[in-house]
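A closer look at the structure
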Amino acid sequence: HHHHHHHHIFQIFHFQHMFRLRSAARGFQRVSHTRSFHSTTFHNEKIGFIGLGNMGNNMVKHLIKSNENHEVTIFDVNKDAYNLVKKDIDGRSVTVADSVADVAKNCNVVITMLPAPQHVNAVYKDMLDNVKPGQLYIDASTIDPQTTQDVAKQVESKGAQLMDAPVSGGVGGAAAGTLTFMVGGEDDAFNRANPLLKLMGKNIVHCGKTGMGQVAKIANNLVLGISMAAISEAMVMGTRLGMDPAKLANIFNTSSARCWSSDTYNPCPGVMENVPSSRNYEGGFASQLMLKDVGLAVTAAEAAKIPLPLGKRTQQLYKDVSEAGLGSKDFSVVFRYHNDRVGDSEL
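Residues numbered from 1 in each chain as written. Predicted model: local features only at pLDDT ≥ 70, side-chain atom pairs only at ≥ 80, totals over all residues. Heavy atoms only, no water.

With that settled, consider the packing of aromatic side chains. Taken as a whole, this structure holds 4 aromatic pairs when the rule is applied. On the numbers, 4.7 Å between centres and 20° between planes, the contact of Trp-260 with Tyr-265 is stacked. For Trp-260, a relative accessible area of 24% corresponds to the partly exposed category. Relative accessible area serves as the criterion here: at 5%, Tyr-265 is assigned to the buried category. Ring geometry for Tyr-265 and Phe-331: centres 5.8 Å apart, planes at 25°, overall stacked. Separated by 66 residues along the polypeptide, Tyr-265 in the loop between helix H11 (260-263) and helix H12 (287-303) and Phe-331 in the loop between helix H13 (309-326) and helix H14 (334-340) bring together distant segments of the chain. Comparing Tyr-265 with Phe-331, the two get one shared label, buried. These aromatic residues form a ring-pair network of at least three members: Trp-260, Tyr-265, Phe-285 and Phe-331. (Phe/Tyr/Trp six-rings, centres within 6.5 Å; stacked < 30°, edge-to-face > 60°. Buried < 20%, exposed > 50% of the residue type's maximum accessible area, 1.4 Å probe, protein only. Helix = DSSP H or I, 4+ residues; strand = E, 2+ residues; numbered from the N terminus.)

Right, let's get into helix H6 (residues 145-157). Spanning 13 residues, H6 covers 18 Å between terminal C-alpha atoms, matching the ideal 18 Å at 1.5 Å per step. Burial in H6 covers these residues: Pro-145, Thr-147, Thr-148, Val-151, Ala-152 and Val-155. Considered in projection along H6, the buried side chains sweep an arc of 150° and stay on one side of the axis. Residues of H6 that are exposed and point more than 90 degrees away from the buried face comprise Lys-153 and Ser-157. (Expected span 1.5 Å × (residues − 1). Arc of directions from axis to C-beta.)

Taken as a whole and judged by the stated rule, the model has 6 salt bridges. Between Glu-45 and Arg-192 there is a salt bridge whose closest N-O contact spans 3.1 Å. In this pair, Glu-45 sits in the loop between helix H1 (24-39) and strand E1 (46-50) while Arg-192 sits in helix H8 (residues 187-200), placing the two residues 147 residues apart along the sequence. There is no split in this pair, since Glu-45 and Arg-192 are both buried. Glu-282 serves as the salt-bridge partner of Lys-329, at 2.5 Å between the closest nitrogen and oxygen. Taken as a pair, Lys-329 in the loop between H13 and H14 and Glu-282 in the loop between H11 and H12 lie far apart in primary sequence, 47 residues in all. (Salt bridge = Lys/Arg side-chain N within 4 Å of Asp/Glu carboxyl O.)

Our focus in this paragraph is the nonpolar core. Core analysis: the largest hydrophobic core is formed by 57 residues, its most contacted members being Phe-49, Met-59, Tyr-137 and Phe-181. Membership of the second largest hydrophobic core comes to 34 residues, among which are Phe-285, Met-290, Leu-291 and Val-294. (Core = buried A, V, L, I, M, F, W, Y, C linked by side-chain atoms within 4.5 Å.)

So, on to the side chain of Glu-45. Note on Glu-45: relative accessible area 3%, which makes it buried. Engagement of the side chain of Glu-45 in a polar contact is seen with the side chain of Arg-192, the distance being 3.1 Å. Sequence-distant contacts of Glu-45, defined by excluding residues within four places in its chain, comprise His-70, Glu-71, Asn-108, Val-109 and Arg-192. (Polar contact = N/O pair within 3.5 Å; in protein donor to acceptor, adjacent residues only side chain to side chain. Contact = heavy atoms within 4.5 Å.)

Looking now at the side chain of Asn-57. Looking at the secondary structure, you find Asn-57 in helix H2 (residues 56-65). Only 3.5 Å separates the side chain of Asn-57 from the side chain of Lys-61, close enough to count as a polar contact. Setting aside residues no more than four positions away along its own chain, Asn-57 makes contact with Leu-52, Leu-84 and Val-85.

This is the structure:
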């Protein structure tokens, strides 16, 4: 599961969260099992972590190495991942589970970090028979909100809770423990998860009810994909028409074209240091992952009949970029993709 997310800083300001009033009966049932949680301070949670790819194996280390004495159980279909985790936990103990069902059976908090909706569906399906009241499931995968809400209904039918908590900050942020988590879920679930998420990240933002973490994440990355495409084609045009790239970028960054793709992550080589465009588009956030995230926005929009003309066009563009062999390069490589096609007879 090579799933990594970018190292740009997500700036999310105050989300107003409004929660639907629940029926008295459901509210009472929820209060009855949250009360027992609040009598403990969640030290010694038995935590399961499923999905030890580029992101997960870096995230789980912070839970294992924390001083909270959490008992941590890990699982991945790729058994090599266990050694990656074990060699970097200062000799702390960690349990390896035999299956995801095993994790659900033996843990009271389960965190999943998986590549795509189909993996999330499969893992939760395999856990469902062992889901029980009082458990908290936290899905840190980036998937579409509808899948999150469907899985949450199944988990809730067993008396447990599920929150979505997709991240921003990339493999670097996962390793450093500085991720941003965009969280969707009930207040009590959020309060319970918060100290655990704080061990793995520094910005924990409650975006609303279940699924809203995914909405925040895919909406942000939809804009990011579109704005990077826009800055790239304008920088290609301006420089090919004779303007100095640094001067053009400076105009953008002090004018109404200013955006993160231009002033923090400029795609034109030589404009900024320490960004992927200055090192042959290595590292950063892969084009194929941007394609995936824009695709999630397109999927969500189509299902709800929401027009997404630029989203669809941008999805096609990152498909073309990937098919040109640039899928593992940082997504700002869209600048190079356009620049290499200047003078094409098809244009």
